[in-house]
Amino acid sequence: MATWDAGLSRSGPGLLLQDIEKGDPQVVAVREVIDTVSPDILLLTGIDWDYDGQALDALNRSLATPYPYFYAPRSNSGMQSGADLNGNGVLGEARDAQGYGRFPGQGGMALLSRRPIRADAARDFSDLLWRDLPGTMIGKTGMSDEAQAVQRLSSSAHWDVPVEIGTGAPLHLLAFAATPPVFDGPEDRNGWRNHDEAAFWLRYLDGDLPETPPARTYILLGDANLDPADAEGRRAALQSLLSGGFLQDPAPRSKGAELAADADHKGDPGLDTADFDGPGNLRLDYVLPSSDLKIAAAGVVWPAPDAPLAKAAARASRQKLVWVDIVLP
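Note that the structure is a prediction, hence the values are computed from the model and not measured. (Residues numbered from 1 in each chain as written. Predicted model: local features only at pLDDT ≥ 70, side-chain atom pairs only at ≥ 80, totals over all residues. Heavy atoms only, no water.)

This part covers the sheet that holds strand β11 (residues 322–327). In spatial order, the strands read β3-β4-β2-β1-β11-β10; together these six strands make up an open sheet with mixed pairing. At either margin of the open sheet sits one strand with a lone partner, and together these are β3 (69–71) and β10 (294–300). Put simply, the sheet's adjacent strands are angled 20° from each other on average, direction ignored. As paired elements, strand β1 (residues 2–8) and β11 share two bridges and run antiparallel to each other. Paired with T3 across the two strands is V322, which belongs to β11. (Pairing = 2+ DSSP bridges. Helix = DSSP H or I, 4+ residues; strand = E, 2+ residues; numbered from the N terminus. Axes fitted to C-alpha atoms, helices over the stretch in contact; angles between N-to-C directions.)

The terminal C-alpha atoms of helix α5 (residues 189–206) lie 25 Å apart, and with 18 residues this matches the ideal 26 Å at 1.5 Å per residue to within 8%. Along its length, α5 shows its largest kink, about 30°, at A198. After α5 finishes, the residue G207 shows a positive phi value of roughly 80°. (Expected span 1.5 Å × (residues − 1). Bend = angle between axes of the 7 residues up to and from the residue.)

Attention shifts here to the sheet that holds strand β8 (residues 218–223). If you trace the five strands from one edge of the open sheet to the other, you get β5-β6-β7-β8-β9, paired in mixed fashion. Here the strands that pair on one side only, and so sit at the sheet edges, are β5 (123–124) and β9 (285–289). Each of β5, β6 (157–163), β7 (171–177) and β8 is contacted by α5, which is oriented at about 155° to β7, the strand it contacts most. (Contact = heavy atoms within 4.5 Å.)

In this section: the packing of aromatic side chains. The relation between two aromatic rings is expressed through the spacing of the ring centres and the mutual angle of the planes. On inspection of all chains with the given rule, the structure shows eight aromatic pairs. On the basis of an interplanar angle of 65° and a centroid distance of 4.7 Å, the ring pair of W49 and Y51 is categorised as edge-to-face. The buried category is assigned to W49, whose relative accessible area is 16%. Using a relative accessible area of 61% as the deciding quantity, one classes Y51 as exposed. Relative to W159, the ring of Y71 has its centre 5.0 Å away and its plane inclined at 85°; by these criteria the two rings are edge-to-face. Note that Y71 is positioned in strand β3 and W159 in strand β6, a separation of 88 residues in sequence. Classification of Y71 as buried rests on a relative accessible area of 11%. Members of the aromatic cluster, joined through ring pairs, are F125, F176, F200, W201 and Y204. (Phe/Tyr/Trp six-rings, centres within 6.5 Å; stacked < 30°, edge-to-face > 60°. Buried < 20%, exposed > 50% of the residue type's maximum accessible area, 1.4 Å probe, protein only.)

Locating V300 in the fold gives a position in strand β10. Look at V300 and you get buried, because its relative accessible area is 8%. Sequence-wise, V300 and D272 are 28 residues apart; in three dimensions their C-alpha atoms are separated by 8.4 Å. Apart from the residues within four sequence positions on either side, V300 is in contact with P252, R253, S254, D272, T273, K320, L321, V322 and W323.

Even without being glycine, N225 reaches a positive phi, approximately 55°. Considering the arrangement of structural elements, one finds N225 in the loop between β8 and α6 (236–243).

Structurally, L205 is set in helix α5. Among the residues examined, L205 registers a relative accessible area of 10% and is labelled buried. Residues L205 and F246 lie 41 residues apart in sequence; the distance between their C-alpha atoms is 7.7 Å. Leaving out residues up to four positions away in the same chain, L205 has contacts with L174, P213, Y218 and F246.

Moving on, we come to the packing of α5 against α6. Packing of α5 against α6 brings their axes to within 7 Å, and their N-to-C directions diverge by 35°. Of the two elements, α5 crosses α6, and the hand of that crossing is left-handed. Across the interface between the two elements, H195, A198, A199, W201 and L202 of α5 pack against A236, A237, L238, S240 and L241 of α6. For the contact of α5 with α6, the class distribution of residues is eight nonpolar, two polar and no charged. (Left-handed = near helix turned anticlockwise from the far one by under 90°. Nonpolar A, V, L, I, M, F, W, Y, C, P; charged D, E, K, R; others polar.)

Before going further, it helps to examine the side chain of Q151. Its place among the elements puts Q151 in the loop between α4 (145–150) and β6. Under the relative-accessibility criterion, Q151 is labelled buried at 0%. Of note is the side chain of Q151, whose polar atom sits 3.3 Å from the side chain of Q98. Polar side-chain contacts of Q151 include one of 3.1 Å to the side chain of R189. Apart from the residues within four sequence positions on either side, Q151 is in contact with L85, Q98, L129, W130, M143, R189 and R193. (Polar contact = N/O pair within 3.5 Å; in protein donor to acceptor, adjacent residues only side chain to side chain.)

A word on helix α2 (residues 25–37). Compared with an ideal rise of 1.5 Å per residue, which puts 13 residues at 18 Å, α2 spans 19 Å between its outermost C-alpha atoms and is within 8% of the ideal. Residues Q26, V27, A29, V30, R31, V33 and I34 constitute the buried set of α2. Of the surrounding secondary structure, the elements contacted by the buried residues of α2 are β1, α1 (15–22), β2 (41–47), α3 (54–62) and α8 (310–316). Capping the start of α2 is the job of one residue whose side-chain oxygen sits 2.9 Å from the backbone nitrogen of Q26: D24. In the segment just after α2, S38 is the residue with positive phi, at about 50°.

Okay, here's the thing in structure tokens:
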């Protein structure tokens, strides 16, 4: 399994497809990393969606071994809400979309698999209103009643996607990408939303939602956009996911992250998955198997500067591909 924000988002619709077709160096670097790691299942976050799936199809066809199955419905990013969500008196801005975006699908999600995806049995929770999440924190944000009436929880998406693994019961992939807990004001709207996007999985696995969760054999994966120890954010929900008993944390590491450690950070630098200026390097991306699965190995594609794939990983994205090998039951 792998998850990666591969930096496949552009400033306008159609530009990603254009870059893929012309062999943009950043896209070539992305392709090199995917071809080298070649995960059986790959969740891409931060990838632009389009109505016909042309960009995803072009990227997939350009890989050394294209994926035969994919799942990529429209995400909430760039989907206009019709309300003044940021309260500045102007409608139709990127911050008035259900998830930040200048156009529909900017920075969405896509799941690629070498195992059959049961799309007919997939659950897309992306239309859940934030105020309807049990234990929601939306009341702490100061959002207007009008905004709360339309604001969805998912800034991108929350999916439960079953994948056939040849053992009878499918493997459920619990996929999401949360908003960064910054770029707001003292009301901390994004901080509370980021918290609740992680808390959604606690509610789902606890059985607090109308839909019955998988009893076993699932993996939570994606971009939580939150470090367990460093930078801004409200960490309670993420820390519960990491230590609550439903999931295992394989603690994927890399030599590159260790060598790029921030002296003032509290967390283990070897676990970082994002190479940022400003807030420093952070652990933002996670692959967390359920407690019944056996983990064989795990890692982050952040090589030491002189190691193979180092140039491609650096050119592709500030965030790094996180992978976990599991032994099928």
